[in-house]
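# Structural features, examined
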Amino acid sequence: MNGADLLSGGQPVTLEEMLLAREKRAARQRHAVACYRVSLISLTLVAPGQVKNSPVWQRVAGYAREAVLTCCQQHEWVSVWEKSIDERSGPEWMAAVCAPAKNLKQAMLQLEDEHPLGRLWDIDVLDSEGTGISRRALGLPPRQCLICQDDAHLCARARRHTPELLLEEITKRIVSYERRHHD
């Protein structure tokens, strides 16, 4: 499988669709926090390029949900609500979880950093007031780039790596994971 294969079955998404998806996600987050008054996990994927949703991205999102729910079970944190979204802007998933927000964020950061596919996941945590818990707030450095060891946001802004190179790296990670865990 090469990087282009990740795109099979997906449709390109426009900037307007991405901005609208972000607005809708923020509204869902506010609604969930207002309804449940517990910590909220909001999961999206790191999907460079114009195609943000495909069968492969759906599988990656499924692996992320599975890992998050397993982590919550191990900590005896109860999910009281979940919602999955499947749009061209990419798969999304949210869960309202009875857990201290900082502890939850630390556990989610550990998943992002240690799971073989964790670098492809963007797991945000909001506290019961709707305030996001950042890596910086926990004294941690920014996420590293998929390709090099630099700050991912700086590489993305500077467009240091081509979408093709990023997709090739993502493809390698997914293929390696699926060969080891799902054959």
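As recorded by an unreviewed UniProt entry, the protein carries the name Apo-citrate lyase phosphoribosyl-dephospho-CoA transferase and is attributed to Escherichia fergusonii.

This part covers the sheet that holds strand β4 (residues 121-126). Paired through their backbone hydrogen bonds, the strands of a sheet run either parallel or antiparallel. Strand order across the open sheet formed by four strands is β2-β3-β1-β4, with antiparallel pairing between neighbours. In this open sheet, the two edge strands, each paired with only one partner strand, are β2 (78-87) and β4. Recorded for the sheet is a direction-independent mean angle of 15° between the axes of neighbouring strands. Bridge analysis of strand β1 (residues 39-45) against β4 gives six bridges, and the strand direction is antiparallel. Across the sheet, residue Ser42 finds its bridge partner in β4, namely Asp124. Against the sheet, helix α1 (residues 15-36) contacts β1, β2, β3 (90-98) and β4, and its axis sits at roughly 15° relative to β3. Seen against the sheet, helix α2 (residues 55-74) touches β1, β2, β3 and β4 and runs at an angle of roughly 155° to β1.

Rules of the game
- Note that residues are indexed from 1 along each chain, following the sequence as it is written.
- pLDDT decides what is reported in this predicted model: residues at 70 or higher carry local features, side-chain atom pairs at 80 or more are listed and counted, and totals for whole chains, interfaces and linings draw on all residues regardless.
- Side-chain measures here rest on the full set of heavy atoms in the structure, leaving out hydrogens and waters.
- Two strands qualify as a pair provided that DSSP identifies no fewer than 2 bridges between them.
- In DSSP terms, a helix is any run of H or I states spanning at least four residues, a strand is any run of E spanning at least two, and both are numbered starting from the N terminus.
- Between the N-to-C directions of two axes lies an angle of 0 to 180 degrees, each axis being a line fitted to C-alpha atoms and, for a helix, fitted only over the stretch in contact.
- Throughout, a contact is declared for two residues whenever any of their heavy atoms are within 4.5 Å.

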